[in-house]
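Structure assessment
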Amino acid sequence: MYSNNLNGSIPASLTNLTSLSSLYLWDNNLSGIIPTDIGRLHSLKILTLSENYFTGQIPTSICHLANLSVLSAGQNQLSGAIPHDIGNLRSLDTLPLLMNKLTCSIPASVGNLRNLTYLSLTGNQLTGLLPIGINNLTQLRVIYLSDNKFSGYVPQDVCRGGTLEEFVASGNHFMGRIPRSLRNCISLRSLDLSMNELVGNLTEAFQVYPFLDKFRVQNNMLYGELSKEWGNCPSLTALSFSGNNITDLSNNQLSVRLSSEVGKFSSLQYIDLSTNKLTGSIPKQLGECSKLLSLNLGRNNFNESIPPQIGNLDSLQILLDLSYNEFTGEIPSALGKLRKLETLNLSHNKLVGSIPSSFDQMLSLTSVNISDNELSGSLPNIKAFKDAQRVVR
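The rules behind each value
Residues numbered from 1 in each chain as written. Predicted model: local features only at pLDDT ≥ 70, side-chain atom pairs only at ≥ 80, totals over all residues. Heavy atoms only, no water. Helix = DSSP H or I, 4+ residues; strand = E, 2+ residues; numbered from the N terminus. Buried < 20%, exposed > 50% of the residue type's maximum accessible area, 1.4 Å probe, protein only. Contact = heavy atoms within 4.5 Å. Disulfide = S-S within 2.5 Å. Core = buried A, V, L, I, M, F, W, Y, C linked by side-chain atoms within 4.5 Å. Pairing = 2+ DSSP bridges. Axes fitted to C-alpha atoms, helices over the stretch in contact; angles between N-to-C directions. Salt bridge = Lys/Arg side-chain N within 4 Å of Asp/Glu carboxyl O. pLDDT = per-residue confidence, 0-100. Polar contact = N/O pair within 3.5 Å; in protein donor to acceptor, adjacent residues only side chain to side chain. Phe/Tyr/Trp six-rings, centres within 6.5 Å; stacked < 30°, edge-to-face > 60°. Lys NZ or Arg CZ within 6 Å of the ring centre and 35° of its normal.

1. A closer look at the overall build of the protein chain
Within the protein chain, the regular secondary structure consists of three helices and 31 strands. Expressed as lengths along the three principal axes of its C-alpha atoms, the size of the protein chain is roughly 80 × 45 × 30 Å. Every one of the 393 residues in the protein chain was classed for burial, and the buried ones make up 53%. Within the protein chain, contacts between residues separated by at least 24 positions form 49% of all contacts whose residues are at least 6 apart in sequence.

Shown next as structure tokens:
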């Protein structure tokens, strides 16, 4: 009965179907409360209520469904606490409760769900500490906890089972160090711990993840170096460290070691290393990241000249931001080859000379900022420069 535009509430008589094993009601227009005696459906193995307009609390009787393997109630308007005895559902494999109005903390009994592989609580109003029992969920492949009000420490053995593929906990108030078990979690494909209050050495917290696709830890209080080992993550498409205290991308002796590795990010589409303490020069091998759509290195301490190899990033479309650094020399004419680029920010550097005539061909530009440099000469004859609010000195 899913995706049928059903409306109204679930009839009370439905709970008389005690032999029912599967109930699919997702993606309808159902409203009202979930029947309080839904626990009578003791044969139920699959219950999907997501993408409706259910209100009220998750009934405690749902914890009597001992055979339940899937409980999906996300994207409704459910409120109140997750039932205290949710841990009675020991056959549960999949538990998406995302995008509701759930409050209070995660019940400690969640640690009894030893067969759980998928847990999504994103977009609620959950608070408090994560129960230490999460360490017991050794079958977990996916955990989504983002956009809640969780606090305290992330349990250190959250990946003790070594099966975790996606761990997303952004937009909370987690503090302390990144869980040590993540260092050996080579199954990891997506990690997002951004916008928390995490601390510690990034270099020590992570190692090589051969399947890693997305890595986001921006807006924490992490520090450390981007070691050459990151070049051994061939599947990486999104990398964001902005708003931390990351150092040593290419300065001093490390620049030699890293320069031969950066180009290995052959699948990378998004790089955001802004607002850190990166120094030295940009490795020319960055120009080998042929699928890059957005590059933000703004608000660091890069110096020397902008490498012309950046102009080889012909897939760059969304953003090139090198602002608030200490780049010197002239703007490379090779940047004019970025014909798809929409936003360019080279402001607040020490660039000199004129703007290359090749910029006349950057017809996709909609926003440009070259202010607070030492540039001279005429401006390119394209709309973005005509419209820009700038100071050219």
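2. Points about the state of the cysteines
Across all of its chains, the model carries one disulfide by this definition. The disulfide partner of Cys159 is Cys185, and the S-S distance across this bridge is 2.1 Å. Disulfide Cys159-Cys185: the torsion about the S-S bond is 65°, which places it as right-handed. Within this pair, whereas Cys159 is found in the loop between strand E13 (149-153) and strand E14 (166-168), its partner Cys185 is found in the loop between strand E15 (173-177) and strand E16 (190-192), the two being separated by 26 residues in sequence. Residue Cys159 shares its accessibility class with Cys185, and that shared class is buried. Sulfur of Cys63: no disulfide; nearest cysteine sulfur belongs to Cys104 and is 14 Å away.

3. Digging into unusual backbone geometry
Non-glycine residue Thr275 carries a positive phi angle of around 55°. Mapped onto the elements of the fold, Thr275 is located in the loop between strand E22 (270-272) and strand E23 (279-280). With a relative accessible area of 38%, Thr275 lands in the partly exposed category. One non-glycine residue, His348, lies in positive phi territory at about 60°.

4. Structural notes on the nonpolar core
Residues Phe167, Phe215 and Leu295 are the most contacted members of the largest nonpolar core, which totals 103 residues. Looking at this core, the elements that each hand over two or more residues are helix H1 (202-205) and helix H3 (383-387). Contacts of Leu295, omitting those with residues within four sequence positions, involve Ile271, Leu286, Ile310, Leu313, Leu316, Leu319, Leu320 and Asp321.

5. Brief notes about the sheet that holds strand E29 (residues 350-354)
One open sheet holds the three strands; their spatial order is E27-E29-E31, and the pairing between them is parallel. Looking along the sheet, the strands with just one partner apiece sit at the ends: strand E27 (328-330) and strand E31 (374-376). Taken pair by pair, the neighbouring strands of this sheet meet at an average axis angle of 15°, ignoring direction. Bridge count between E27 and E29: three bridges; the pairing is parallel. Within E29, the position partnered with Gly329 by the bridge is Leu351.

6. Considering the sheet that holds strand E1 (residues 7-8)
Strand pairing in a sheet is mediated by backbone hydrogen bonds. Such pairs are either parallel or antiparallel. Spatial strand order, E1-E3-E5-E7-E9: five strands in an open sheet with parallel pairing. The outermost strands of the open sheet, each flanked by one partner alone, are E1 and strand E9 (101-103). Judged from the two bridges that link them, E1 and strand E3 (residues 29-33) form a sheet pairing that is parallel. Following the sheet pairing, Asn7 is matched in E3 by Asn29.

7. Section: the environment of Asp314
By the secondary structure assignment, Asp314 is in the loop between strand E25 (301-302) and strand E26 (319-321). For Asp314, a relative accessible area of 46% corresponds to the partly exposed category. Excluding anything up to four places from it in sequence, Asp314 contacts Leu338 and Lys340.

8. Notes on the pattern of salt bridges
This model, assessed by the stated rule, comprises six salt bridges. With its nearest N and O atoms 4.0 Å apart, the salt bridge here joins Arg40 to Asp37. On the basis of relative accessible area, Arg40 is assigned to the partly exposed category, the value being 38%. Through salt bridges with shared partners, a single network forms among Glu165, Glu166 and Arg189.

9. Some remarks on the confidence of the model for the protein chain
Of all residues in the protein chain, 91% attain a pLDDT of 70 or more, and the chain-wide mean is 88. Note that residues 248-260 has pLDDT below 50 and, in this model, 27 contacts with residues that lie over four places away or in other chains.

10. Regarding the environment of Asn136
You can see Asn136 is positioned in the loop between strand E11 (127-128) and strand E12 (142-144). Note: C-alpha distance between Asn136 and Leu113 (23 residues apart in sequence) is 8.2 Å. Residue contacts for Asn136: discarding those within four places in its chain leaves Gly111, Arg114 and Arg160. A polar contact is formed between the side chain of Asn136 and the side chain of Arg160, at a distance of 3.3 Å.

11. Observations regarding the packing of aromatic side chains
This model, assessed by the stated rule, comprises four aromatic pairs. For the pair Phe150 and Phe174, a centre-to-centre distance of 6.0 Å together with 15° between the ring planes defines the contact as stacked. Placement of the pair is Phe150 in strand E13 and Phe174 in strand E15, with a sequence separation of 24 residues. Accessibility expressed as a relative area gives 0% for Phe150, which makes it buried. Phe174 gets classed as buried once you look at its relative accessible area, which sits at 1%. A centroid spacing of 6.0 Å and a plane angle of 15° characterise the contact between Phe302 and Phe327, whose relative ring orientation is stacked. Residue Phe302 is found in strand E25, and its partner Phe327 is found in the loop between E26 and E27; the two are separated by 25 residues along the sequence. For the pair formed by Phe302 and Phe327, the shared burial category is buried. Residue placement shows Arg299 over the ring face of Tyr324; its charged tip is 3.9 Å from the ring centre.

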